[in-house]
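# Examination of the molecular architecture
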Amino acid sequence: MTGGVILARHGKPALTRKLLLSAAEYRDWWARYEAGGLLAGQAPPAELVAAARGARVVATSIRRRALESAGLVAPGRALVSEPVFVEAPLPPPRLPRWIKLSPRVWGFLTRVTWWFFNLHFGEESRAEAEARARRAADRLIELAKDGDVLLLAHGFFNTMVARAFKAKGWRYSENNGWKYWTTKRFDPPGA
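Heads up: these notes are all about the structure in this document. (Residues numbered from 1 in each chain as written. Predicted model: local features only at pLDDT ≥ 70, side-chain atom pairs only at ≥ 80, totals over all residues. Heavy atoms only, no water.)

### Description of the sheet that holds strand β5 (residues 171-175)
This is how the line gets drawn: Strand pairing requires that DSSP identify at least two bridges connecting the strands. Helix and strand assignments follow DSSP, with helices taken as H or I runs no shorter than four residues and strands as E runs no shorter than two, numbered in order from the N terminus. Axis definition: a line fitted to C-alpha atoms, limited for helices to the stretch in contact. Angles are taken between N-to-C directions and run from 0 to 180 degrees. Residues count as neighbours in contact if any of their non-hydrogen atoms are within 4.5 Å of one another.
With mixed pairing, six strands are arranged side by side in an open sheet as β3-β2-β4-β1-β6-β5. Of all the strands in the sheet, the pair left with one neighbour each is β3 (79-81) and β5. Mean inter-strand twist for the sheet, computed between neighbouring axes without regard to direction, equals 25 degrees. With four bridges joining them, β5 and strand β6 (residues 183-187) adopt antiparallel strand pairing. Across the sheet, residue glutamate 174 finds its bridge partner in β6, namely arginine 185. Sheet strands in contact with helix α3 (residues 64-73) are β2 (57-60), β3 and β4 (149-153), and its direction is about 135 degrees off that of β4. Helix-sheet contacts for helix α6 (residues 155-167) involve β1 (5-9), β4, β5 and β6, and the interaxial angle to β1 is about 160 degrees.

Following this line, the structure appears as structure tokens:
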């Protein structure tokens, strides 16, 4: 019997967001964010640890912050780590160097320009990321054929995967938002 799929966001990253950056500096900051790990001293919520214990499979993106999160949530477990689960890109618009914004504002601006105006500057486009999200949902459904699957991945891409699950007729049975360490559970049609 097909199990459910729990989409979880990784823990809080170590890289600070309390600085101002130009577009070029933000591109460098994002590259460090993508390669970086978690802020030290975190503990995942007990509910997430329990979900991992109950999952037949624990999957992750290949990014360090997702892998470290899985190590805290499901220590010692074998992981299914695949690039299909990595975060959607955040390419900033080409703006003058004197415009300095925080990473949080850059993140919002880049999501708006990427999502609504298809400004991807040679990186993965929205259409390509949506196709990848559908492949990610298909892969998770395949992994869930014999029981629940927990995916530790990334906030925005998890949102895209959730949309793919809804389009396939899967339904939310639990929704705890998209903050760090939060989860959304999807159950198959008819479950």
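### Some words on the packing of aromatic side chains
How we decide: For Phe, Tyr and Trp, rings pair up if their centres lie within 6.5 Å, where Trp contributes its six-membered ring, and each pair is then called stacked (planes under 30 degrees apart), edge-to-face (over 60) or tilted (otherwise). To sort residues, take the accessible area from a 1.4 Å probe on protein chains only and compare it with the maximum for the residue type: under 20% means buried, over 50% means exposed, and anything in between is partly exposed. Any Lys NZ or Arg CZ found within 6 Å of a ring centre and within 35 degrees of that ring's normal is scored as a charge over the ring.
According to the stated counting rule, one finds 10 aromatic pairs in the structure shown. A ring pair is formed by tryptophan 29 and tyrosine 33, whose centres lie 5.3 Å apart and whose planes are at 20 degrees; its orientation type is stacked. Taken together, the residues span about one helical turn, with tryptophan 29 and tyrosine 33 both in helix α1 (residues 23-35) at a distance of four residues. The class for tyrosine 33 is buried, based on a relative accessible area of 4%. On the basis of an interplanar angle of 20 degrees and a centroid distance of 5.2 Å, the ring pair of phenylalanine 165 and phenylalanine 186 is categorised as stacked. Of this pair, phenylalanine 165 sits in helix α6 while phenylalanine 186 sits in strand β6, and the two are 21 residues apart along the sequence. Each member of the pair phenylalanine 165 and phenylalanine 186 is classed as buried. In this structure an aromatic cluster arises from ring pairing among Tyr26, Trp29, Trp30, Tyr33 and Trp106. Its guanidinium or amino end placed over the ring of tryptophan 114, arginine 111 lies 5.3 Å from that ring's centre, counting from NZ or CZ.

### A word on the environment of lysine 12
Mapped onto the elements of the fold, lysine 12 is located in the loop between β1 and α1. Separated by 47 residues in the primary sequence, lysine 12 and alanine 59 have C-alpha atoms spaced 18 Å apart. Setting aside residues up to four positions removed in sequence, lysine 12 forms contacts with Leu38, Leu39, Gln42, Tyr180 and Trp181.

### Regarding the pattern of salt bridges
Where we set the bar: Each reported salt bridge corresponds to a side-chain nitrogen of Lys or Arg within 4 Å of a carboxyl oxygen of Asp or Glu.
Within the structure shown, the criterion is met by 13 salt bridges. Across the salt bridge formed by arginine 64 and glutamate 68, the nearest N and O atoms sit 2.7 Å from each other. A residue pair is termed a helical-turn pair when its members lie 3 or 4 positions apart in one helix, as arginine 64 and glutamate 68 do in helix α3 at four residues. For arginine 64, a relative accessible area of 46% corresponds to the partly exposed category.

### Section: helix α4 (residues 103-117)
The condition that has to hold: Here, expected helix span is obtained from the residue count minus one, scaled by 1.5 Å.
The terminal C-alpha atoms of α4, which comprises 15 residues, lie 20 Å apart, in line with the 21 Å expected from a rise of 1.5 Å per residue. Considered for burial, the residues of α4 that qualify are Pro103, Trp106, Gly107, Thr110, Arg111, Thr113, Trp114 and Trp115. Residues of α4 that are buried make contact with α1, α5 (126-143) and α6. Two residues or fewer past α4, asparagine 118 is found with a positive phi of approximately 55 degrees.

### Re a nonpolar patch on the surface
So the rule is basically this: Each patch is assembled from residues with relative accessible area greater than 30% and no salt bridge, linking like charges that lie within 9 Å and nonpolar side chains (Val, Leu, Ile, Met, Phe, Trp, Tyr) that lie within 5 Å. Each accessible area is a Shrake-Rupley result for a 1.4 Å probe, and residues are judged covered by the shown protein chains and nothing else.
On the surface, a cluster of nonpolar side chains totalling about 420 Å² of accessible area is made up of Phe116, Phe117, Leu119 and Phe121. The class for phenylalanine 121 is partly exposed, based on a relative accessible area of 31%.

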